[in-house]
Amino acid sequence: MPKESYLVGLIGSGIGPSLSPALHEREADRQGLRLVYRLIDIDTLGAPPEAVGDLVRAARDLGFDGLNITHPCKQLVIEHLDALAPQAEALGAVNTVVFEDGRAVGHNTDVTGFAASFARGLPDAPLERVVQLGAGGAGAAVAHAMLTLGAGRITVVDALPERAAALAGSLNRAFGEGRAAAAPPDRQAELLAHADGIVHATPTGMAAHPGLPLPAELLHCGLWVAEVVYRPLETDLLRTARALGCATLDGGGMAAFQAADAFRLFTGREPGAARMLADLTELAGALGARN
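Residues numbered from 1 in each chain as written. Predicted model: local features only at pLDDT ≥ 70, side-chain atom pairs only at ≥ 80, totals over all residues. Heavy atoms only, no water.

Right, let's talk about the packing of aromatic side chains for a bit. Going through the model one piece at a time under the given rule, you end up with two aromatic pairs. Between phenylalanine 114 and phenylalanine 118, the ring centres sit 6.0 Å apart and the planes meet at 40°, which makes this aromatic pair tilted. Of this pair, phenylalanine 114 and phenylalanine 118 are both found in helix H5 (residues 110–121), four residues apart, which corresponds to roughly one turn of the helix. With a relative accessible area of 3%, phenylalanine 118 lands in the buried category. When the ring of phenylalanine 118 is compared with that of tryptophan 224, the centres are 5.1 Å apart and the planes differ by 70°; the resulting orientation is edge-to-face. (Phe/Tyr/Trp six-rings, centres within 6.5 Å; stacked < 30°, edge-to-face > 60°. Helix = DSSP H or I, 4+ residues; strand = E, 2+ residues; numbered from the N terminus. Buried < 20%, exposed > 50% of the residue type's maximum accessible area, 1.4 Å probe, protein only.)

A few words now on the UniProt feature "active site" (unreviewed entry) in the protein. Per the UniProt record, the feature "active site" (unreviewed entry) sits at Lys74. Exposure remark for lysine 74: the relative accessible area of 11% places this residue in the buried category. Excluding residues that lie within four positions of it along the chain, lysine 74 makes contacts with Ile69, Ala93, Val94, Asn95, Asp110, Gly137 and Ala138. (UniProt positions renumbered as here; feature names shortened; annotations may be inferred. Contact = heavy atoms within 4.5 Å.)

Residues annotated by UniProt as "binding site: shikimate" (unreviewed entry) correspond here to Ser18, Leu19, Ser20, Thr70, Asn95, Asp110, Tyr230 and Gln258. If you trace the backbone, leucine 19 turns up in the loop between strand S1 (5–12) and helix H1 (20–30). According to the relative accessible area criterion, leucine 19 is buried, its value standing at 8%. Mapped onto the fold, tyrosine 230 is located in the loop between strand S11 (224–227) and helix H9 (236–243).

Let's shift gears to the sheet that holds strand S4 (residues 83–84). Taken together, six strands build an open sheet; the order of strands is S2-S1-S3-S5-S6-S4 and the sheet is mixed. With partners counted over all chains shown, the strands left at the sheet margins are strand S2 (34–41) and S4, one partner each. In this structure, S1 lies alongside S2, joined through eight bridges in parallel fashion. Note on S2: the bridge partner recorded for isoleucine 11 is isoleucine 40. Where H1 meets the sheet, its contacts fall on S2 and strand S3 (66–69), and the angle it forms with S2 comes to roughly 170°. Its contacts with the sheet place helix H10 (residues 252–267) against S1, S2, S3, strand S5 (96–100) and strand S6 (103–107), and it is angled at close to 10° to S5. (Pairing = 2+ DSSP bridges. Axes fitted to C-alpha atoms, helices over the stretch in contact; angles between N-to-C directions.)

This next bit is on the side chain of glutamine 188. In this fold, glutamine 188 is placed in helix H8 (residues 188–193). Not counting residues up to four positions away in its chain, the partners in contact with glutamine 188 are Leu133, Val157, Pro213, Leu214, Pro215 and Leu218.

Read across the open sheet, the six strands follow the order S9-S8-S7-S10-S11-S12; overall the sheet is parallel. Every interior strand has two partners, whereas the edge strands, strand S9 (180–183) and strand S12 (247–249), have only one. The mean angle between the axes of side-by-side strands here comes to 20°, regardless of whether they run parallel or antiparallel. Docked against the sheet, H5 engages strand S10 (197–200), S11 and S12, running at close to 145° with respect to S11. Across the sheet, helix H6 (residues 137–148) is in contact with strand S7 (129–133), strand S8 (153–157), S10 and S11; its angle to S7 comes to roughly 170°.

Set out below in structure tokens:
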């Protein structure tokens, strides 16, 4: 008999403003389910990112049905799980953990969430030459999504050159040699002068990390700009890009669609993805009005 009540949570840093609890709880209410969604903020706990394994074990022992995992724990959590879904294994990043028969199984819904958002929001964007800023857990997911969507070549820029090189290598193994490359930040001007678009996948622009992830003068109207940050929906990057006439995509769609996919994994019920996107837009708008 299907369950009627669920306990889930989110592990990450600086997650106080997260809209995930409201997104999941609202959708559960519409489906006649009881779902409680707890925030487990490592900053509030005074715990390092490496404590994610202990937190996952504690949640499992306390009867949680699953967890979302966010920055900076999406890669660190892997060694503490019993199994990985194929996409999470290919990415080397987990954003959703489901507890099944005492086992912790890692999934990644960021890929499908970003792909659905991009196809909806920038359906006609040229994809021959894409520059991506950020090679962390979210970066791995969106790079896989972009290549799945048909990007010709993606160049990954990260402050840690070895991390960018590792992601580019894994992308080439998965999609074919020459589909991905790594570059240091000092090559951004050269790359963006000839790029079709930018995918931004670093924490810069979040409420706790305001600012631009690159010099504003490198942006130009020939670029489209896609963002993964959704708190706030309009980041400094998107505001600057829009003023120049760039086509833009905010991070709300990725957040809503990955949450819908996680809801399905947690509950086995089919989510209303369009409803969850409407919820996110409403909630993010209200949050912005208060700030």
